[in-house]
Amino acid sequence: MPAAVDGVLGGQVVRYLINGVVATVVHYGVLQFNIEVLNIQLASVANAIAAVFGITVSFIGSRYFVFRGQQSSVVKQGAHFIMVYVLIALLHATVMYVWADHLGMDYRIGFLLATGMQMVLSFLANKFLVFK
């Protein structure tokens, strides 16, 4: 891979990881608030609500920081981003449902597993579909 391409991709990966950490902290913080403070009983429901906050932070960071994809309209990118993240959020919620609600396992570990899966899928979808 040429150095210029490697530098751009490497920079995007680093910025993606930073953005992902920020979005994940927001997502997890809202999830924990929903469960611990609002006393939402189903982790999958609490997680779905929290995902909206994490996804919003992720879009803003992806558009302006990670991919710097401002060539296309924010509406078009936003629509694609929402479609991708609705699918990813449903998958994330399904993992949380199976892990925490169905199997009775610790929701925090389920969150880590679902988030790892989400990271890989969202980078690929954002790179090749949303902010291409």
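Above: the structure in question.
Reference entry: report on the structure contained in this document. (Residues numbered from 1 in each chain as written. Predicted model: local features only at pLDDT ≥ 70, side-chain atom pairs only at ≥ 80, totals over all residues. Heavy atoms only, no water.)

## Section: the pattern of salt bridges
Applying the stated criterion across every chain, the model contains 1 salt bridge. In this structure, R108 engages D106 in a salt bridge whose closest nitrogen and oxygen atoms are separated by 3.1 Å. (Salt bridge = Lys/Arg side-chain N within 4 Å of Asp/Glu carboxyl O.)

## Topic: the packing of aromatic side chains
A full pass over the atoms with the stated rule returns 8 aromatic pairs. Ring geometry for Y16 and F123: centres 5.0 Å apart, planes at 70 degrees, overall edge-to-face. Of the two residues, Y16 sits in helix α1 (residues 3-37) while F123 sits in helix α4 (residues 107-130), which places them 107 residues apart along the sequence. We note that Y16, like F123, is buried. A network of ring pairs unites the aromatic residues Y16, F59, F67, F81, Y85, F123 and F131 as a single cluster. (Phe/Tyr/Trp six-rings, centres within 6.5 Å; stacked < 30°, edge-to-face > 60°. Helix = DSSP H or I, 4+ residues; strand = E, 2+ residues; numbered from the N terminus. Buried < 20%, exposed > 50% of the residue type's maximum accessible area, 1.4 Å probe, protein only.)

## Side note on unusual backbone geometry
Most peptide bonds adopt trans geometry, and most residues besides glycine take a negative phi value. A positive phi is found at N39, a non-glycine position, where the angle reads about 60 degrees. One can find N39 in the loop between α1 and α2 (43-66).

## Things to note about α4
For α4, built from 24 residues, the straight-helix expectation of 34 Å at 1.5 Å per residue is missed by more than 12%, its first-to-last C-alpha distance being only 30 Å. Here α4 has its buried residues at Y107, G110, F111, A114, T115, Q118, S122, F123, A125, N126 and V130. Regarding α4, its N-cap is D106, as a side-chain oxygen of that residue lies 2.8 Å from the backbone nitrogen of R108 further along. (Expected span 1.5 Å × (residues − 1). Polar contact = N/O pair within 3.5 Å; in protein donor to acceptor, adjacent residues only side chain to side chain.)

## Describing the nonpolar core
Counting 15 residues, the largest nonpolar core has I55, F67, F81, V84, Y85, V130 and F131 as its most contacted members. Among the elements of the structure, α2, α3 (74-102) and α4 are those that each provide at least two residues to this core. Ranked by the residues each element gives to this core, the list is headed by α3, at 5 residues. Residues in contact with Y85, not counting those within four places in the same chain, are I55, S58, Q118, S122 and N126. Among the nonpolar cores identified, the runner-up in size contains 10 residues, and V30, L31, A46 and A50 belong to it. (Core = buried A, V, L, I, M, F, W, Y, C linked by side-chain atoms within 4.5 Å. Contact = heavy atoms within 4.5 Å.)

## Section: the packing of α2 against α3
Where α2 meets α3, the axes come as close as 9 Å, and the angle between the chain directions of the two elements is 150 degrees. Crossing hand, α2 versus α3: right-handed. Touching A43, S44, N47, A51, I55, S58, F59, S62 and R63 of α2 are V74, Q77, G78, F81, Y85, A89, H92, A93, M96, Y97, A100 and D101, all from α3. Split by residue class, the contact of α2 with α3 holds 12 nonpolar, 7 polar and 2 charged. (Axes fitted to C-alpha atoms, helices over the stretch in contact; angles between N-to-C directions. Left-handed = near helix turned anticlockwise from the far one by under 90°. Nonpolar A, V, L, I, M, F, W, Y, C, P; charged D, E, K, R; others polar.)

## Examining the environment of S62
Following the sequence through the fold, S62 ends up in helix α2. Judged by relative accessible area, which is 0%, S62 ranks as buried. Each C-alpha atom of the pair S62 and F131 lies 8.2 Å from the other, and the pair is 69 residues apart in sequence. Residues in contact with S62, not counting those within four places in the same chain, are N19, F67, R68, F81, N126 and F131.

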